[in-house]
Amino acid sequence: MSPSARSFLLHLGVIAGLFVLCFTLSDYHQGNLARIMVLATYAIGYNVLFGYTGLLSLGHAMFFAAGMYGLGLAMQYGGMSPVPAFAVGILTAAVLSVVVGVLALRTIGVAFMIVTLMFAQSVFLIILYFGTWTRGDEGFVIPQAARQVLGMDLTDPLIRYLAALLLFSSALLITARMMQVRFGRVLIAVRENEERTQMLGYDVFRHKFLAVLISGSISGAAGAAYGLLFGYVGATFASVQYSIFPLLWVLLGGAGTTIGPLVGAVFMFYLIDYSSGFTNAYMLIAGLALVLLVLFARAGIMGEVRRRWAPWLP
Amino acid sequence: MMLLETKLLTKIYGGLTAVEAVDFSLRQGLVHALIGPNGAGKSTFVGMVSGRTPATSGEVWFDGQNISAWPAHKRMRLGMAYTFQITAIYARLSLFENIALAQGMRDQDAALDALGRVGLDERLDQLAGDLSYGHQRLLEFAMGVAQSPRLLILDEPTQGLSESEIAGFNTLIRSLAGETTILLIEHNMDVVMSLADEVTVLQQGRVLSSGTPETVSADPLVQDAYLGRETC
Amino acid sequence: MEFGPHLLLATLEGAVGAAVLALTALGLSLVFGVMRVVNVAHGEFYMLGAVVAWFVASAMSAHPAFGFMAAVLIAPAMAGLVAILADRLVLKRLHYDPEATIVATIGILYIMQQTALMTFGPEARPVAPPFNTRIPLPWLEYGENGFNLFYPWGLSTTSYKLFVIAAAAVILVSFALFLSRSRFGLIMRATQLDRETALTFGIPVERVYSLVFGLGAALAAFAAVLIVPIQQAHYLMGADPLLLSFIVVIIGGLGSLRGTVVAALLIGMSDGIISVFFSPTLAKILATLLVALVLVFRPQGLYGKKRA
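These numbers were taken from a predicted model, which means no experiment stands behind them.

The subject of this paragraph is the interface of chain A and chain C. At the interface, 37 residues of chain A touch 39 residues of chain C. Of the roughly 3,300 Å² buried between chain A and chain C, counting both surfaces, carbon and sulfur atoms make up 83%. If you look at where chain A meets chain C, you find zero salt bridges. On the surface where chain A and chain C come into contact, there are two residue pairs in polar contact (both at pLDDT 80 or more). Of all the elements in the fold, those that place two or more residues in the side of chain A that touches chain C are α5 (109–129), α11 (240–253) and α13 (283–296) of chain A. Tallying contributions element by element places α5 of chain A first for the side of chain A that touches chain C, with 14 residues.

A word on the UniProt feature "transmembrane region" (unreviewed entry) in chain C. Residues and elements named next belong to chain C. The sites that UniProt annotates as "transmembrane region" (unreviewed entry) are residues 15–38, 45–62, 68–86, 160–179, 208–230, 242–267 and 273–297. The span residues 15–38 carries 88% helix and 0% strand; its end-to-end C-alpha distance comes to 26 Å. Along residues 45–62 the backbone is 83% helical and 0% strand, and the end-to-end C-alpha distance reaches 27 Å.

For the coordinates displayed, the defined rule picks out 33 aromatic pairs over all chains. Note on Phe19 of chain A and Phe23 of chain A: the rings are 5.4 Å apart at their centroids and 80° apart in plane angle, and the pair reads as edge-to-face. You can see Phe19 of chain A and its partner Phe23 of chain A sitting in helix α1 (residues 3–24), four residues apart, about one turn around the helix. Taking the relative accessible area as the measure of exposure, Phe19 of chain A reaches 40% and is therefore partly exposed. By relative accessible area, Phe23 of chain A is classed as exposed at 54%. Arranged with centres 5.7 Å apart and planes meeting at 90°, the rings of Phe68 of chain C and Tyr160 of chain C form a pair that is edge-to-face. Of this pair, Phe68 of chain C sits in helix α3 (residues 64–91) while Tyr160 of chain C sits in helix α5 (residues 159–181), and the two are 92 residues apart along the sequence. There is no split in this pair, since Phe68 of chain C and Tyr160 of chain C are both buried. Aromatic rings pair up to connect Tyr42, Phe64, Tyr226, Phe230, Tyr232, Phe237, Tyr242, Phe245 and Trp249 of chain A into one cluster. The ring of Trp54 of chain C has Arg125 of chain C lying over it, and the distance from NZ or CZ to the ring centre is 4.6 Å.

What follows covers the layout of surface pockets. Any space left empty among the atoms is revealed by the rolling of a water-sized probe across them. Reported here for the largest pocket is a volume of approximately 2,000 Å³. Every residue lining the largest pocket is counted, 47 residues in all, and those nearest its centre are Ile188, Arg191, Gly256 and Arg306 of chain A together with Leu93 of chain B. Classifying every residue of the lining of the largest pocket by side-chain character gives 24 nonpolar, eleven polar and twelve charged. Roughly 1,100 Å³ of internal volume is contained in the second largest pocket. For the second largest pocket, the lining is made up of 35 residues, of which Ser239 and Val240 of chain A together with Gln113, Leu236 and Ala239 of chain C are closest to its centre. Mapped onto the lining of the second largest pocket, the elements with two or more residues apiece are α5 and α11 of chain A together with α4 (98–119), α9 (239–252) and α11 (280–297) of chain C.

Facing 25 residues of chain B, the contacting portion of chain A comprises 17 residues. Between chain B and chain A lies a buried interface of about 1,900 Å² when both sides are counted; carbon and sulfur atoms form 54% of it. Summed over the shared surface of chain B and chain A, the number is four salt bridges. Summed over the shared surface of chain B and chain A, the result is ten residue pairs in polar contact (both at pLDDT 80 or more). Breaking the side of chain B that touches chain A down by element, the ones donating at least two residues are α2 (72–79), β6 (80–83), α3 (95–103) and α5 (133–146) of chain B. For the side of chain B that touches chain A, the leading source of residues is α3 of chain B, giving five residues. Looking at the side of chain B that touches chain A residue by residue, the class counts come to 14 nonpolar, five polar and six charged.

Each value, and the rule that gives it
Residues numbered from 1 in each chain as written. Chains lettered and ligands numbered in written order. Predicted model: local features only at pLDDT ≥ 70, side-chain atom pairs only at ≥ 80, totals over all residues. Heavy atoms only, no water. Contact = heavy atoms within 4.5 Å. Buried area = accessible area lost by both parts, 1.4 Å probe. Salt bridge = Lys/Arg side-chain N within 4 Å of Asp/Glu carboxyl O. Polar contact = N/O pair within 3.5 Å; in protein donor to acceptor, adjacent residues only side chain to side chain. Helix = DSSP H or I, 4+ residues; strand = E, 2+ residues; numbered from the N terminus. UniProt positions renumbered as here; feature names shortened; annotations may be inferred. Phe/Tyr/Trp six-rings, centres within 6.5 Å; stacked < 30°, edge-to-face > 60°. Buried < 20%, exposed > 50% of the residue type's maximum accessible area, 1.4 Å probe, protein only. Lys NZ or Arg CZ within 6 Å of the ring centre and 35° of its normal. 1 Å grid on protein atoms, 1.4 Å probe; cavity = no way out; pocket = protein on both sides within 12 Å on 5 of 7 lines; lining within 4 Å. Points joined across faces, edges and corners; volume = space filled by probe spheres on them. Nonpolar A, V, L, I, M, F, W, Y, C, P; charged D, E, K, R; others polar.

Following this line, the structure appears as structure tokens:
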């Protein structure tokens with residue numbers, strides 16, 4: 001079987017598995033998994049930039065929050081219905097990606113990390129500053145009555161799960177396909193050796209810029225979906241913590257693998273969920289995981305699987 | 001027809017002139033060797049030709065177009081290829097992916113042909129970083145060929161290779177002669193004498209002498225400054 | 001209060017902030033300058049200093065001055081030791097790779113912050129100042145009888161705040177002397193200039209790195225001990241000094257102690273003054289955007305002078 005056929009089957013299998021799970025899981029885990037799939041979509045967006053293009057952003061929460069607030073404000077003050085509001089969310093994140101891309105891509109390495117961190121911090125503070133509309137730290141709730149699409153109630157656990165699955169599958173299949181075609185392979189080339197890629201005649205800046213745009217837009221879609229499906233929009237989602245999470249999920253699951261983001265999000269979500277049962281210091285787990293991953297397992301779970309058993313793993 | 005011309009090409013690094021007002025021209029189809037002692041400005045010069053290094057002043061013309069302001073990737077697309085002095089392959093990608101990227105991922109057969117030319121077409125799935133040094137240089141060369149350039153710039157392709165590997169390289173470069181114009185930086189004088197149609201000697205950023213290998217090696221200035229010491 | 005006295009008050013508050021910021025930023029700048037490590041956990045060493053100061057002060061039942069004195073000695077030492085441990089266990093094993101160390105120090109940030117939450121708790125806790133006399137400040141006013149000295153209501157500072165400014169100045173001057181005169185200062189500067197050459201000259205670079213990382217953390221902790229009688233200790237208090245230190249280091253450029261101190265005074269004073277007159281959030285937005293744009297358009301701001 002060719003590698004591309006194998007990877008297609010793998011992705012189909014993952015999606016089918018998630019579909020079956022929604023009928024077998026308890027309500028509690030079903031709710032968790034819906035949340036995880038949206039967060040994994042965020043991680044997939046992050047992975048496009050970090051895992052495949054080799055650009056480490058410390059500010060992706062700004063894209064997630066842009067999507068979330070784009071949708072939330074459009075629904076709350078614009079009176080929009082969910083579908084156009086969702087489009088507004090993605091568009092907001094896309095516009096922000098364009099601005100951040102043009103500016104931040106002038107820098108590399110450590111400076112890129114700090115610049116993205118600073119931009120995200122500004123977005124977080126701007127959300128707080130306009131607290132009259134954004135409700136700042138408190139955030140605001142999108143009422144159940146507004147969260148209806150085509151006669152379906154997105155607050156119903158099953159429909160919410162399926163909507164999250166639809167979002168996740170789209171992001172997974174789109175990015176997986178993208179990494180097989182010329183564009184994605186050039187992104188990997190940029191990650192592996194930027195100068196070499198330029199000297200082969202590829203426009204490195206254009207590729208990096210598009211990677212930021214795609215990564216930011218997918219992250220924004222995840223943020224918009226999170227607001228829509230769970231009915232809450234708050235400044236926490238723009239904080240540094242939410243920029244660190246996707247890095248953590250992708251590192252843990254395996255940077256530059258298609259299903260690593262999901263694997264990392266599942267593990268980390270349950271680890272934090274479990275530990276918050278007996279301590280409020282649940283971010284301790286995240287801190288320890290970051291240090292241990294950087295020290296001992298940079299390839300992450302799926303990266304390790306690829307190295308040992310399945311070199312074809314996409 | 002002149003494929004490549006430079007006019008008064010100059011590079012100054014923080015007050016230090018690395019290349020000074022070099023006028024250079026290269027006719028289509030020739031192999032031109034650039035020689036000179038370390039620090040003469042050879043790599044800086046080809047860097048400015050390829051666009052890797054921005055020029056301080058002067059012009060670069062390629063195929064009748066002034067490309068002085070073009071970024072490197074556009075120059076490559078116009079028909080240049082550049083192989084690095086320090087091997088710059090994608091170590092963590094397979095040989096196939098390396099050559100496919102070089103070819104532009106449009107024509108798989110052309111990519112495989114280029115690998116076949118250097119005899120590496122049996123190892124498509126191997127990681128480029130696992131190759132021996134000599135094979136990595138060959139891959140680097142094949143990547144240049146796979147771009148099917150009109151001008152191939154080779155920056156010290158035989159550096160660090162054994163005698164037999166150098167002989168192999170000579171054959172490869174000769175097999176391209178005629179179809180591809182080649183600008184070659186080379187230290188090994190045997191290689192230069194056997195391959196080059198024309199030679200330019202750089203010293204301290206300036207052209208010391210230029211012409212056929214015979215005239216250049218007979219030039220007393222050159223003998224004084226470079227050849228006498230280098231060949232012994 | 002009228003504008004003039006209000007501005008004087010804001011300037012004094014700003015000077016206290018600037019003094020503490022100069023010490024904190026110096027630590028960050030030192031670590032980045034010598035080791036090329038961006039220590040995202042720097043703010044947590046500051047927090048550690050404040051928290052340890054609280055533990056030490058509350059363990060001593062004698063006069064607050066004794067508790068404070070003990071904290072001045074113990075808290076920086078503790079922070080330094082924790083930093084040296086982090087260097088040996090984590091940073092050294094990453095071979096000081098710039099990107100990996102940032103990710104690792106983010107991890108260390110959460111480990112320290114959450115450990116403080118578990119041990120110190122979520123409350124903000126005060127430390128008593130060793131002395132705290134209120135000093136009213138005079139103001140000049142031009143009246144019918146020419147200039148006239150009076151004490152406007154509310155225009156005052158405390159002896160402790162003046163002490164903070166003086167103590168920070170003393171530390172900064174001694175640090176400058178230490179860098180330029182002592183043997184270790186020389187070794188540090190040599191390592192900063194060229195790691196490889198330093199190694200060939202037999203300088204134990206790894207030990208220098210450990211000490212520098214410890215020293216950077218100790219400076220932050222010392223700054224926190226100074227400030228904790230004015231602001232309370234809290235497990236989340238590291239975020240602001242980290243941000244401000246970043247701003248100082250990026251605006252001030254690296255390599256010179258003077259650049260860091262001048263930028264710290266500028267940022268600290270303007271932060272104090274702007275926060276009194278305008279929204280502190282707006283001030284922070286402008287500051288973060290400014291830093292981002294400085295990095296984008298003048299990257300040598302972060303890397304000191306461009307190398308040839």
